[in-house]
Amino acid sequence: MPTPSRAWREFPQRYRLEAGKCKKCGAVSFPPRLVCPVCGWREFTKTKLAENGKVLTYTIIRVPPHQFADQAPYAVAIVELSDGVKVTGQVVDCDFDKIKIGLRVKFEFRKMYSEGEAGVIYYGYKFVPA
Amino acid sequence: MHGIVGYGAYIPRNRIKVEEIAKVWGADAPSYKKGLMLEEKSVPSPDQDTITMSVEASKNALRRAKINPADIGAVYVGSESHPYAVKPSGTVLAEAIGATPDVHTADLEFACKAGTEGLFLVLGLVKAGEIKYGLAVGADTSQGAPGDALEYSAAAGAAAFIVGKENVLAETIETYSYTTDMPDFWRREYQYYPRHGGRFTGEPAYFKHIIGAAKGLMAKAKIKPIDLNYVIFHQPNGKFPLRVGEILGFRKEQILPGWLVSKLGNTYSGSSPLGLTATLDISKPGDMIMIVSYGSGAGSDGFIFKVTRRIQEARDLAPKTRDFLDKNKNYLEYGVYAKFRGKIRKAE
Ligand SMILES: [Zn+2]
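Structural notes, computed from the coordinates. These numbers were taken from a predicted model, which means no experiment stands behind them.

Criteria and thresholds
Here the residue numbers are simple positions, counted from 1 along each chain's written sequence. For this description, chains carry letters from A and ligands carry numbers from 1, given in the order in which they are written. Whole-chain, interface and lining totals are the exception, using all residues; otherwise, since this is a predicted model, local features are given only for residues with pLDDT of at least 70 and side-chain atom pairs are given and counted only at 80 or more. By convention in this section, buried Ala, Val, Leu, Ile, Met, Phe, Trp, Tyr and Cys residues joined through C-beta atoms within 7 Å make up a nonpolar core. Partly exposed residues are those whose C-beta has more than 12 but fewer than 20 other C-beta atoms within 10 Å; 20 or more makes a residue buried and 12 or fewer makes it exposed, with C-beta atoms placed from the backbone. Note that contacts rest on C-beta atoms placed from the backbone: two residues are in contact if these are within 7 Å. If DSSP finds at least two bridges between two strands, the strands pair. A helix here means a DSSP run of H or I that spans at least four residues, while a strand means a run of E at least two residues long, and both kinds are numbered starting from the N terminus. Only Asp, Glu, Lys and Arg are considered charged, only Ala, Val, Leu, Ile, Met, Phe, Trp, Tyr, Cys and Pro nonpolar, and every remaining residue, Gly among them, polar. Taken from the helix axis, the directions to the C-beta atoms give the arc we talk about.

To continue, consider the nonpolar core. Residues B:Ala57, B:Leu93, B:Val137 and B:Val163 are the most contacted members of the largest nonpolar core, which totals 121 residues. In this structure, B:Leu93 is in contact with B:Ile51, B:Ser54, B:Val55, B:Ser58, B:Val75, B:Val77 and B:Val137, ignoring residues within four places of it in sequence.

Next comes the structure, spelled out in structure tokens:
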């Protein structure tokens, strides 16, 4: 389980899909990186990804990491956003037999998991049918 | 001119019918349906709470306002179901919409009127010129104790309003508040479910405060019931808002566009604010709209708005409230509802 400090560093990407755009070649990295995987440059500008996309592929998780135990079974998809960036996220509020490759989905802000009844609640993006 | 520049709603897609709850407790569903005018209510998914719904409603308000979120100078979340006892909901919301760090944030609580309290505050701050834009949200994922009358109505939803001075879609004509001390509904620290004063919640509480606020507001604005196109009153059940409207001299046609409760339930801090979003969805330039909230404890906030021409382009920029209410519903059985709402005791 990540510590609150590590999770906190990821708030911009998890809360509002903030990505890094390479100042040299323009490649968009999500999650943001320190070094551009295309050209090796180290300077980025912040950019916000699109909130709509379609399912490229998906799987149903039945044996989850322990912090997600209450949520299983759940669907995880690779979603191609309308700006071409691919991100991984849960698809929720959707029966498994309705999830298909090509399904149009959109961003929704949800609880990811919490550290028991007394710990921090972590929020971030999931996808729902558009 | 100052007023609403953007508004947004969010209602979860899960529903449970009155019959499904009544079946479990051996209660008489037809008497609830007829007596309280309730048919079904919204239920949040397990990964939804006041914060997640506030973010969705606020993003819909931003879509209509078409402003830079960094220009929002105040973010207030009104709720009686803030996920944390200590740690603000408003900071998560402000971060999620990109309003941080140049912003004032506070969580508000006042039973079912916490949402309109935020609206009252941001209208004042904007009018005074202290901030360019302010965001006020009313949101709740309320719980009624299993088997209690409140379980048939306690629902989930959120409404958000962005207030400013430019590109206003509904101009503020007048505001007014009416408050007394009244022990009609409460929840003590560490208690999971609220308690209420039964029939005491009606006449001296709901009716007295809404009537006091509505009359005071109309007198202050020099407006009569006939001058208003639409009115929204807090909706703890279907009957109360229709009855209080009748007492004040309003026709059903003035009330029904914002009357969502029979299919939505009582969304507490989101209740009358969601009624306002549904009314704005169908309003025309020049329409006069009055909203009066009610929060146990007790008080009512009243507002009169005049709709401007900007409503015509703004309303289609985000999903309509009735679409959230009527489309894409997922009906739950009581067992799944109890699991979703954390009413089932599990092993540690
Ligand atoms: Zn590069």
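Residue and element names in this part refer to chain B. With respect to topology, 3 strands assemble into an open sheet ordered β3-β2-β14, the strand pairing being mixed. Taken across any chain shown, the strands that pair with only one partner, and hence form the sheet edges, are β3 (40-43) and β14 (330-331). Relative to β3, strand β2 (residues 14-17) is paired through 4 bridges, and the arrangement is antiparallel. By the bridge assignment, Arg15 is partnered in β3 with Ser42.

With 11 residues of chain A in contact, the opposing surface of chain B contributes 14 residues. Sorting the residues of the side of chain A that touches chain B by element identifies α2 (11-16), β7 (104-114) and β8 (121-129) of chain A as the ones contributing at least two each. The leading source of residues in the side of chain A that touches chain B is β7(A), at 4 residues. Tallied by class, residues from the side of chain A that touches chain B come to 6 nonpolar, no polar and 5 charged.

Moving on to helix α7 (residues 239-248) of chain B. Residue and element names in this part refer to chain B. Every buried residue belonging to α7 is among Phe240, Pro241, Val244, Gly245 and Leu248, and all of these are buried. Within α7, the buried residues cover an arc of 130° as seen down the axis, which keeps them to one side. Across α7 from its buried face, at more than 90 degrees, point the exposed residues Glu246 and Ile247. Looking at the buried positions of α7, the neighbouring elements they touch are α6 (202-221), β11 (230-233) and α8 (252-255). Just downstream of α7, Gly249 is the residue with a positive phi angle, here 90°.

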